[in-house]
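Structural overview for review
Below, each chain spelled out in residue letters.
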Amino acid sequence: MTEKHHCLIIDDEITAREILESHVAKIATIQLSGSCKNALEAFSIINNQKIDLIFLDINMPEINGLSFVKSINKNIKVIFTTAYREYAIEGFDLQAVDYLLKPISFERFLQAVNKYLGENIPVEISHPSESILEESDFIFVKSDRKMVKIDFDEILHIESLSDYIKIITTQKTIVTRETISNIEAKLPKKKFIRIHRSFLIAIAKIESFTNEYIEINKKSLPISRSYKKSVLEQLERL
């Protein structure tokens, strides 16, 4: 029987905690012992339970994550989870296992857990027969200083604009500082297809198409020459 590693989540944002809780639930090797909104709550758990690993936000009220790390047992390992890149150097100076920038994808989360466990200890995925992305029907993206939930079935298309993207849904448009390649990796391949360097589209939302463009919600989106062969082959199989 594989040893369980007990972990604790500390973040003052409920959405951020829910994302991490979802990620933890997918890994059989680690077990969630608590999820706290601040460091004061966390002290109580640490003093009464065995904690091996903490997923820790930095920018929190009262006691920030950096100060918290300095006050706990050095045998407890820490993976920082934050929206602020500028804390990275100080975080690693405190011997953090890893430093994750929000929004945190499951793939990046898994890398950090692998790093914590070490190369010789296997990570057990709770659902090994299915792709993690295929099991989910939504993602969270950071927009206007908060994590916004987006259901896959509501996405019409995604457009890249330099160092940020627009996610156009049936309800609204969400702007997030993300690359289109990174967002593509978080989407289920059965539901979305890249048709251009700057465009990702939801297959189910296609109204019509030609060799040159795809029409979604009465808007024509171009199919680029480099993507044309793979796009048309995929669409003809539908």
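Before reading on, note that the structure itself is shown above.
These notes cover the structure that comes with them. (Residues numbered from 1 in each chain as written. Predicted model: local features only at pLDDT ≥ 70, side-chain atom pairs only at ≥ 80, totals over all residues. Heavy atoms only, no water.)

The next subject is the environment of Glu215. Residue placement: Glu215 occurs in strand β14 (residues 213-216). It is 8.7 Å that separates the C-alpha atoms of Glu215 and Lys205, two residues lying 10 residues apart in sequence. Those residues within four positions of Glu215 in sequence are excluded, and the remaining contacts are Lys205, Ile206, Glu207, Ser208 and Ser220. (Helix = DSSP H or I, 4+ residues; strand = E, 2+ residues; numbered from the N terminus. Contact = heavy atoms within 4.5 Å.)

Under the criterion given, the structure shown has 10 salt bridges. The closest approach of N and O atoms between Lys50 and Asp52, which form a salt bridge, is 2.4 Å. For Lys50, a relative accessible area of 52% gives the class exposed. Residue Asp52 is classed as buried on the basis of its relative accessible area of 13%. (Salt bridge = Lys/Arg side-chain N within 4 Å of Asp/Glu carboxyl O. Buried < 20%, exposed > 50% of the residue type's maximum accessible area, 1.4 Å probe, protein only.)

Turning our eyes to something else, we now look at the sheet that holds strand β3 (residues 53-56). Spatially, the 5 strands line up as an open sheet ordered β2-β1-β3-β4-β5, and their pairing is parallel. Looking at the sheet topology across the chains shown, the edges are occupied by β2 (30-36) and β5 (98-101). Averaged over neighbouring strand pairs, the angle between their axes works out to 20 degrees when direction is ignored. Relative to β2, strand β1 (residues 5-10) is paired through 6 bridges, and the arrangement is parallel. Each bridged residue has a counterpart across the sheet, and for Ile9 the counterpart in β2 is Ser35. Packed onto the sheet, helix α1 (residues 14-25) meets β1, β2, β3 and β4 (77-82) and runs at close to 165 degrees relative to β2. In the packing of helix α5 (residues 106-117) onto the sheet, contacts are made with β1, β2, β3, β4 and β5, and the angle to β5 comes to roughly 170 degrees. (Pairing = 2+ DSSP bridges. Axes fitted to C-alpha atoms, helices over the stretch in contact; angles between N-to-C directions.)

Bridge count for strand β6 (residues 138-143) against strand β7 (residues 146-151) is 6 bridges, and the pairing is antiparallel. Paired with Phe138 across the strands is Asp151, a residue of β7. Hairpin connection from β6 to β7: 2 residues lie between these consecutive antiparallel strands, with Asp144 at a positive phi of about 55 degrees.

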